[in-house]
Amino acid sequence: MKRITTLAAVIALGQATCTRDTSGDLPSSDAQADASTPGVSSEETASEQSAGGSGPSEDVGSEDVGSEDVGSEDGGSGESASEGDVSEDGASEDGASEDDSPGGGTSGSSGSDEASSRIDHYDDVTDTHLPDGLRVSSMDAEFVDVEQDGDLDIVIAVENGPNLLLINDGSGRFSHSDALSDLEGDSEDIGIGDFDNDGHADIIFAAEESRVNEFYLGDGAGGFIPANDRIPVANRSNAVFVDDINRDGALDIIIGNSGGNGSDAINSILINDGAAHFTNESPDRLPMVTDETQDILMVRINGDDINDMLVANEDDNRMYFGSEDGTFSDETHRLPLRPGIKESTREVAVADVDMDGDNDILYLNNGGDRQNRLLINDGAGNFSDETENRLPQVELRTWDGAFYDVNNDSFPDIITANSTPDVMAELYEVYINDGSGVFEDQTELLFPAGVRESGWDVEGADLNGDGYLDLYLCARSNDKVNGVGSQDRLLFSVPE
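The following refers to the structure shown. If you're wondering where the values come from, they're calculated on a predicted model, not measured in any experiment. (Residues numbered from 1 in each chain as written. Predicted model: local features only at pLDDT ≥ 70, side-chain atom pairs only at ≥ 80, totals over all residues. Heavy atoms only, no water.)

1. Notes on the side chain of D151
Topologically, D151 is positioned in the loop between strand 6 (138–144) and strand 7 (153–161). Buried charged residue D151 carries no salt bridge. Nearest counter-charge: R173, at 12 Å. (Helix = DSSP H or I, 4+ residues; strand = E, 2+ residues; numbered from the N terminus. Buried < 20%, exposed > 50% of the residue type's maximum accessible area, 1.4 Å probe, protein only. Lys, Arg positive; Asp, Glu negative; His and termini not counted. Salt bridge = Lys/Arg side-chain N within 4 Å of Asp/Glu carboxyl O.)

Rendered as structure tokens:
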């Protein structure tokens, strides 16, 4: 599931809620807490930046977001943090980099004041700008400047294969790096942040069937040291988010687990000692419930300055409100759940879709009722389901989605990654916001006709340095289109 910009701008939290720092320094965790205002940004890592009408932005909706789903002031990312920029505290998508300031979203916003023109459409530059070897099962991607050279590189979580790192030459052309392990695991989500406070981006991958959460400490020059032994849990995991849970200035890790009714299905909060050594403090901080969690997003929901937690599950979704001491209380009753209806939510994103100053929620669904759902916030964290009047009605199986200002008009739009109920080969879809939170399908106007992959993740940032949003689309190679395995794709925006 999310989410970024240069190390100077942020570490992509992927899935997170951090504000974008363009100073060139890696954001610290202190900044993270202030980095998620409703507005823009998955994956598990904190989301992206707020929607301001200038430049690329994923998950438009909150103040300062950073990773794969932007939404609230201090969001992080995890799968995504969506899907995102690194916040002042140094986290990205699935980490503390989701944007939670109004106008943006927590799933992938990134932007530049220099980008003032509307975006007319997107060109597919996969053949000229991506290397071979990307017909793999890509589950998540996050952006981060691993070499600290001023451009965004791409980290990719791979199912049943080695995770990948693509290095940007500065113009948006990428090549493979061998800096990561060649372990063939089952990685599902990515979280990025400066966990040891040395000014360099570090990476965690959440793994499902292999139960090996790969953890790397970065050297700031594109190299990484494996440190898996520092992660004290080995469950069946699908989501990771980075955030400073106990507000001590060190980035912590939230891992979303699934595994039936046992302890493996209880989500994990790993508290950082400041030097990237972690302790599992879940029993003291989270309600001890078993879920089939697919995504986690930290974002400001109820109007205070503390990040709350949205948990997207294959069973019922949950919402926890955060407190000053880093503990969480169950406030799921504020969500308009539908008893007996299985949605099988794969991703959650937030943005201020109706531009009223608070974060609204988008659930991307894959189950019995595949209709994605849009919940509108009353400003105090109470939600109403306004899907029918605001979203296109579809019967696709949605695996991922994010808010981005796709056409650069300052409003958070939606991109979804889908398959059909019977054939895994459907378009990514683009829904444009009319400015009031009502969305219209404009996929054919904005996306190239040939992009018909089995979509699994959507990440956006300025990858070629022109100040406009570009998109990386993850696909699963074992889902075939016309008999050929799906291919990850890179789309560059074309301004009017």
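2. Describing the packing of aromatic side chains
Considering all chains together, one arrives at 7 aromatic pairs under this definition. An angle of 70 degrees between the planes, with centres 5.8 Å apart, marks the rings of Y122 and F447 as edge-to-face. Linking Y122 in strand 5 (residues 119–124) with F447 in the loop between helix 5 (443–446) and strand 30 (455–461), this pair joins segments that are 325 residues apart in sequence. With a relative accessible area of 7%, F447 lands in the buried category. Aromatic pair F205 and Y216: ring centres 6.1 Å apart, planes at 90 degrees, arrangement edge-to-face. A residue pair is termed long-range when its members are at least 10 positions apart, and F205 in strand 11 (residues 202–207) and Y216 in strand 12 (residues 215–218) qualify at 11 residues. Y216 matches F205 in its accessibility class, with the two residues each being buried. (Phe/Tyr/Trp six-rings, centres within 6.5 Å; stacked < 30°, edge-to-face > 60°.)

3. Brief notes about the nonpolar core
One recurring pattern in soluble globular proteins: nonpolar side chains tend to sit buried together. Judged by nonpolar contacts, the single largest core of 26 residues is most densely connected at I254, I269, M309, L310, F328 and I361. Among the secondary structure elements, those contributing two or more residues to this core are strand 16 (268–272), strand 18 (293–299), strand 19 (308–313), strand 20 (318–322), strand 22 (345–351) and strand 23 (360–365). Excluding its chain neighbours within four sequence positions, the residues that come into contact with F328 are I245, I269, R285, L286, P287, M298, N307, M309, Y320, F321 and G322. Counting 20 residues, the second largest nonpolar core, distinct from the first, contains Y404, V406, L446 and L471. (Core = buried A, V, L, I, M, F, W, Y, C linked by side-chain atoms within 4.5 Å. Contact = heavy atoms within 4.5 Å.)

4. Regarding the sheet that holds strand 34 (residues 489–495)
The strands making up a sheet are joined through hydrogen bonds of the backbone, oriented either antiparallel or parallel. Within the open sheet, the 4 strands sit side by side as 5-34-31-30. Their pairing is antiparallel. Two strands close off the open sheet at either side, each with one partner strand: strand 5 and strand 30. Across the sheet, the mean angle separating the axes of adjacent strands is 25 degrees when strand polarity is ignored. Two strands pair when backbone bridges link them, and strand 30 and strand 31 (residues 470–475) are joined in this way by 6 bridges, in the antiparallel orientation. Along strand 31, the bridge assignment pairs G460 with L471. (Pairing = 2+ DSSP bridges. Axes fitted to C-alpha atoms, helices over the stretch in contact; angles between N-to-C directions.)

None of this, on its own, says anything about what the molecule does.
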